[in-house]
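Working through the structure, step by step
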Amino acid sequence: MIISIASGKGGTGKTTVATNLAVSLESDVQVLDCDVEEPNSHLFIQPTIEEVNTITTPVPEVDMEKCTLCGKCAEICQFHAIVVLGETVLPFHELCHSCGGCLLVCPEKAITETARELGVIERGHRNGLEFVHGRLRVGEAMSPPLIKKVREYTRPDILTIIDAPPGTSCPVIASMKGADFVLLVTEPTPFGLHDLKLAVGAVKILGIPCGLVINRSDMGNDQVKKYAKEEQLPVLMEIPFDRRIAEAYSRGDMVVDVMPEWKDRFLELYHRIEKIAV
Amino acid sequence: MKEIVIISGKGGTGKTSIIAAFASLAKNKVLCDADVDAADLHLIIDPEIRERHNFESGHTAIINQDKCTECGLCLDLCRWNAISEDFVVDQIECEGCGVCWYFCPEKAIDFPLNTCGEWYLSDTRFGPMAHARLDIAEDNSGKLVSLIRQEGKKLAEEKHLDLLLTDGPPGIGCPVIASLGGATTVLIVAEPTVSGRHDMERVAELAAFFKIPAMLCVNKFDLNPSEGEAIEAFAKEKNIGVIGRVPFDPAFTKAMIQGKTIVEFDSRSEGCEKVKSIWKNLLQIIEI
C-alpha cells in the first residue's frame, strides 16, 4: 500500500505525521521523501545513508560541423530551449524539458544528448525502516522528474509512506498519483482551510480516497471540521497544540520518542487508513 | 522602483502573516501574491477584483480517434508514457512537448493552448494588488509568477508608486526561481527548528546563486532560541542581514481568523511591535 501525505498549505505537519507514523508501525515500511525542494524527513528519521545517486535529465548538444542552421529544432521546441542565433545554435539547458523533439527532428543528425543534473537520491536505513529521499540541486527549477525517480524506489511488498511537497501543482501531483490513500494534514485556520480545499480538489482529480489529520486542532476555529463534514471527509486524527510537541519538532525529535503515548495513536491512525484504503 | 520578495524555503513559517502586516505599515506600494499555487494573502487583504484575465500557457495533446490509424509512432516517441495502449493521452502526464503532434503521420493529434488559471488586478484597503490563481494540478506556475510580478510593476508605474511587496512561494523550485529575478532584496522568514534551518540554508543558497541580496528574520524565535541563534549565525556568515526576531504570538492566528493584519488586530501585541521594528530596518536598508 502507498500512503501519500500532503497538505496544500506548508508547515501544517506533513513531515511530523509521515515520520511518526512510519516509526510507530511494527511492519516493514519505507519512507519516500518527495519534497525534493526542501526535504526534512531525514532530520527526524536520521537514517544511515548507504547509497547516493546523481540523477540527470538529457539535454541537447549541437554539432556545428553538421548543423545547417535550418531551424527545425527551434521550431519544434515548445520551451524555447534551443534557438538559432546568427551562425550558431544555442541550447538553453535549464529550460529544456528533455522531450527529445530537437534530436528527432534534426535532418542532419547534428544533435546528441548530454546530461543536466537534477539532484541526488539518497537511500538508507534506520533499524528496519527503509528511507529514500531526493534533494533537488539548488538552482534547478524542475522537481517533478526527480520526484518520479524517487518514486521508482517504491517496493510493492511493503508499506510506502510518501512525504509530499506543499501546494497543489505538478510536484504534488507527481507525489500523489498512483497512491492508494492520501492523508491530508491541515490546521483549523483560514489559510489551512483554503489550501485544504485546493488539495482535496487535486485528490479528487486523481480519484484517490483521502482523510484528514487536523494538527494544532485547538488553535483556530471550527470551519475545517464543518467543511470535512459537508464533504464527508473522515477526520482520522487530531493533534492539539502542545508546546512539548512543537519543541520536540524544533529539535528534530520524534513525537513518539518524547511522548510515547502517541505511538498508539499513530497506530490507530494507520488502522483507520487501512480500513478505508483496502 | 524597488521590490521586496518574501520567501522562506519551508512552508508555514509565517511569510503571509508578516507580509500582511507590512501591507498595513507600508506606504505607496503595490501588493503582489506570487504564491500562485496556494495563494492565501487575499484571505486577509480581501481584494476587490477590478480586472480578471485568463492565464493561458502550455499545450496538451489530444488524439482524434477518427483520424488515428493506431500506428503507434506517438507511443514510441512520447518520453512521458502519457499515451495509453488505446491511444488516449493522459492529460496529467502530458508534458506539452508537442512531439506526438509534430510527428503524427495522420495529423490526428490536436495540440490546443491550455487555460490554466486566472490573474487579477484589484483594489484593496492597502492599495492596489496583483494576484492569481493557478488551476489545480497545473504546471507553468513559474510563468504565472513572472507574469504577476510584471503586472504588479506595471500597476506601480501607472500609479507612481515606488515599492512592490511580493509574497513568494515555498520551496526552491520553478515558482521560487521565477519570484527572485530582478528583486531588490529577498526577506527570508525562517522558523527556529531543525527543518527551518535546513530549508533556510537551501533558500539562502538559491538567493546567492541568483545574486539577489538577502535578509533574515526568525519567526517564533522563542520556540527554540538556540536553533534561532544558529540560523542567525549562518546568515551572518553568508552576509545576510539579520533584521529582527518575531516571538511566537497567538495574535497572528487570531488576526488571521478575523481577516485582519496583526497591525489592525492588535498593534500593541508583542508580535506586532517586533514586525514594526523589522519593517523599519528593512526600509533603512533598501533606502526608501
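Residues numbered from 1 in each chain as written. Chains lettered and ligands numbered in written order. Predicted model: local features only at pLDDT ≥ 70, side-chain atom pairs only at ≥ 80, totals over all residues.

**Focus on the overall build of chain B**
Put simply, the rule reads: To qualify as a helix, a DSSP run of H or I must reach at least 4 residues; to qualify as a strand, a run of E must reach at least 2; elements of each kind are numbered from the N terminus. By the criterion used throughout, residues are in contact when their C-beta atoms, derived from the backbone, lie within 7 Å.
In terms of helices and strands, chain B carries eleven helices and eleven strands. Considering only C-alpha atoms, chain B reaches an extent of 70 × 40 × 35 Å along its principal axes. For chain B, contacts bridging at least 24 residues in sequence account for 77% of all contacts bridging at least 6.

**Looking at the pairing of strand β9 (residues 185-190) of chain B**
Residues and elements named next belong to chain B. We apply this condition: Residues are called buried when their C-beta atom has 20 or more other C-beta atoms within 10 Å, exposed when it has 12 or fewer, and partly exposed otherwise; all C-beta atoms are positioned from the backbone. Strands are treated as partners if at least two bridges between them are detected by DSSP.
When you tally the buried positions in β9, you get five out of six residues, the bulk of the element. Direction of pairing for strand β1 (residues 2-7) relative to β9: parallel, over a ladder of four bridges. For V5, the partnering residue across the bridge sits in β9 and is V186.

**So, the interface of chain B and chain A**
Stated formally: All residues other than Ala, Val, Leu, Ile, Met, Phe, Trp, Tyr, Cys, Pro, Asp, Glu, Lys and Arg, Gly among them, are scored as polar; the first ten of these are nonpolar and the last four charged.
Opposite the 50 residues of chain B that make contact, chain A presents 51 residues. If you list the elements that add at least two residues to the side of chain B that touches chain A, you get α4 (99-103), α5 (141-158), α6 (174-180), α7 (194-209) and α9 (251-257) of chain B. Sort the elements by how many residues they give to the side of chain B that touches chain A and α7(B) lands first, with eight residues. In terms of residue class, the side of chain B that touches chain A is made up of 22 nonpolar, 17 polar and eleven charged.

**Observations regarding the domain arrangement of chain A**
The cut-off we apply is this: Domain start and stop positions are those given by an automatic or database domain assignment.
Domain parsing of chain A yields domain 1 (2-55 + 119-277) and domain 2 (64-109). One C-alpha centre belongs to domain 1 of chain A, the other to domain 2 of chain A; they are set 40 Å apart.

**Describing the packing of helix α1 (residues 14-24) of chain A against helix α11 (residues 262-277) of chain A**
All names here are of chain A. Which entries qualify depends on this criterion: Angular values range over 0 to 180 degrees, each being the angle between N-to-C directions of two axes fitted as lines to C-alpha atoms, with helices fitted over their stretch in contact. In this scheme, roughly parallel covers angles under 35 degrees and roughly antiparallel covers those over 145, while 65 to 115 is roughly perpendicular and the rest are oblique.
Following both chains from N to C, one finds α1 and α11 inclined at 95 degrees, their axes separated by 9 Å at the closest point. Regarding the angle of α1 to α11, the classification is roughly perpendicular. Contacts from N20, L21 and S24 of α1 reach α11 at W262, K263, F266, L267, L269 and Y270. For the contact of α1 with α11, the residue count by class is six nonpolar, two polar and one charged.

**What to know about the confidence of the model for chain B**
Condition: Residue-level confidence of the predictor, termed pLDDT, takes values from 0 up to 100.
When pLDDT is averaged across chain B, the result is 96; 100% of the residues are at 70 or more. Taken over the whole predicted complex, pTM reads 0.96, whereas the ipTM for its chain interfaces reads 0.95.

**Description of helix α11 (residues 270-286) of chain B**
Residues and elements named next belong to chain B. To keep things clear, this is the line we draw: For a helix, the expected span equals 1.5 Å multiplied by the number of residues minus one. Comment: arc refers to directions from the helix axis out to C-beta atoms.
Compared with an ideal rise of 1.5 Å per residue, which puts 17 residues at 24 Å, α11 spans 25 Å between its outermost C-alpha atoms and is within 8% of the ideal. What α11 keeps buried is the set G271, C272, K274, V275, I278, W279 and L282. Projected onto a plane normal to the axis of α11, the buried residues spread over an arc of 160 degrees and lie on a single side. Trailing α11 by a residue or two, E287 shows a phi angle of about 60 degrees, which is positive.

**Focus: α11(A)**
All names here are of chain A. Helix length check: α11 (16 residues) gives 23 Å between terminal C-alpha atoms against 22 Å at 1.5 Å per residue, within 8%. Every buried residue of α11 is listed here: L269, Y270 and I273. Summarising the axial view, the buried residues of α11 lie within an arc of 100 degrees, below the 170-degree limit, and thus occupy one face. In α11, the exposed positions angled more than 90 degrees off the buried face are occupied by D264, H271 and K275. Considering only its buried residues, α11 is in contact with β1 (2-6), α1, β9 (181-186), β10 (210-215) and β11 (235-239).

**Topic: the domain arrangement of chain B**
Domain boundaries in chain B define domain 1 (2-56 + 117-286) and domain 2 (61-111). Placing the centre of domain 1 of chain B and that of domain 2 of chain B at their C-alpha centroids yields a distance of 41 Å.

**A short note on the environment of G192(A)**
Residue and element names in this part refer to chain A. Its place among the elements puts G192 in helix α7 (residues 190-206). In this structure G192 comes out as buried when scored by C-beta crowding, with 28 C-beta atoms within 10 Å. As for G192 and E51, which are separated by 141 residues in sequence, their C-alpha atoms are 37 Å apart. Leave out the neighbours within four places in its chain, and G192 touches K9, T12, T186, E187 and V224.

**Points about unusual backbone geometry**
The phi angle at Q46(A) is positive, at roughly 45 degrees, despite the residue not being glycine. Along the chain, Q46(A) turns up in the loop between α2 (41-45) and β3 (48-62). On the neighbour-count criterion, Q46(A) (13 C-beta atoms within 10 Å) is partly exposed. Of note in this structure, K220(B) is not a glycine but carries a positive phi near 55 degrees. Here K220(B) shows up in the loop between β10 (214-218) and α8 (225-237). Overall, the presence of 23 C-beta atoms within 10 Å leaves K220(B) in the buried class.

**Focus on the sheet that holds strand β6 (residues 113-124) of chain B**
Residue and element names in this part refer to chain B. The nine strands are arranged β3-β6-β7-β2-β8-β1-β9-β10-β11 in an open sheet whose pairing can be described as mixed. On the outer flanks of this sheet lie β3 (48-59) and β11 (241-245), each paired with one strand and no other. On average, each strand axis in the sheet is inclined to that of its neighbour by 20 degrees, with strand direction left out of account. As judged from the two bridges shared by strand β2 (residues 29-33) and strand β7 (residues 127-134), these two strands associate in the parallel manner. Along β7, the bridge assignment pairs L31 with M129. Docked against the sheet, α7 engages β1, β9 and β10, running at close to 170 degrees with respect to β9. Across the sheet, α8 touches β9, β10 and β11, and the angle it forms with β10 is around 170 degrees.

**A word on the nonpolar core**
This is how the line gets drawn: Linking buried Ala, Val, Leu, Ile, Met, Phe, Trp, Tyr and Cys residues through C-beta atoms within 7 Å yields a set, and such a set is a nonpolar core.
Of all hydrophobic cores here, the largest spans 148 residues; its most connected members are I5(A), I161(A), L183(A), L184(A), L165(B) and I188(B). Residue contributions to this core peak at eight residues, all from α7(A). Leaving out residues up to four positions away in the same chain, L184(A) has contacts with A6(A), S7(A), L196(A), A199(A), V200(A), C210(A) and L212(A). Grouped together as the second largest cluster of nonpolar side chains are 17 residues, I63(B), W101(B), A108(B) and I109(B) included.

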